[in-house]
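# Structural overview for review
So you can see what is in the structure, the chains are spelled out below.
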Amino acid sequence: LIQQPNPSHPSIHVTSLTEELASHGFIVLSIPSPAETDTTEAFTFDAEGLAERLEVIDPEGQGGWLAERLDFGRIGLYGFGDAGQTVVESCNGGTFRAGAAIGSSIPLGDPNIPFLYFRPEGKEDAPLNDIRATTYVVTSRGMLEDNFGDSARTSPLLAAIGDFGSIDIDRANQITRAYVRAFFNKHLTRG
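Residues numbered from 1 in each chain as written. Predicted model: local features only at pLDDT ≥ 70, side-chain atom pairs only at ≥ 80, totals over all residues. Heavy atoms only, no water.

This part takes up the overall build of the protein. For the protein, the helix and strand inventory stands at 7 helices and 6 strands. Reading the helices (α) and strands (β) of the protein from amino to carboxyl end gives β-α-β-α-α-β-α-β-β-β-α-α-α. For the protein, the proportion of contacts with a sequence separation of at least 24, taken over those separated by at least 6, is 51%. For the protein, the exposed surface amounts to about 9,800 Å²; the carbon and sulfur share of it is 50%. (Helix = DSSP H or I, 4+ residues; strand = E, 2+ residues; numbered from the N terminus. Contact = heavy atoms within 4.5 Å. Areas by Shrake-Rupley, 256 points an atom, 1.4 Å probe, with all protein chains shown as cover.)

So this is what it looks like as structure tokens:
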């Protein structure tokens, strides 16, 4: 799995999901947010470019131990908040087998692979038409954008100034981890 960066939140704000996925056998790579640009094209290139670089790891070289553990027929991409749009666009390129936009209010798209939209509460979406692949749209009561990551655990001040809903922060974390893990487990580890 590759975690797409969110320009407004460093990847440390989503550590618990990364740890959850890794503890269930996924190899999770997080792309650092580029310091100079926040354009969609730069982020899309990073995700696809990283996948391409991983495919050519020399099994006899320094990273050989990793080459033996990667299955490029089962690679996924996910991102939080603003990175969701980039994830949708990257997932139409043919590199990724499944994708997820977590805590994002982006308009629903129609990726040609299985896709999970995990939405903040109150986001009203038009009905999906002409779906080409399995698309899930999930909302959990009381969860707003910042409830999907670890921001509330980073500092009590963030909970006071962020975009948090009424749900308990530990419960929100459990829900996010369970849904995202189940989605990728279904679409990346089977068949």
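Next comes the rest of the description.
Attention now moves to the nonpolar core. Of all hydrophobic cores here, the largest spans 23 residues; its most connected members are L1, L21, Y78, I102, F118, V180 and F184. Looking at this core, the elements with two or more residues in it are α1 (15-23), β3 (76-80), β4 (98-102), β5 (115-119) and α7 (169-188). A per-element tally of this core places α7 first, with 6 residues. In terms of nonpolar packing, the next biggest core, distinct from the first, is built from 19 residues, I75, L77, C91 and Y117 among them. (Core = buried A, V, L, I, M, F, W, Y, C linked by side-chain atoms within 4.5 Å. Buried < 20%, exposed > 50% of the residue type's maximum accessible area, 1.4 Å probe, protein only.)

Keep in mind these values describe shape, not function.
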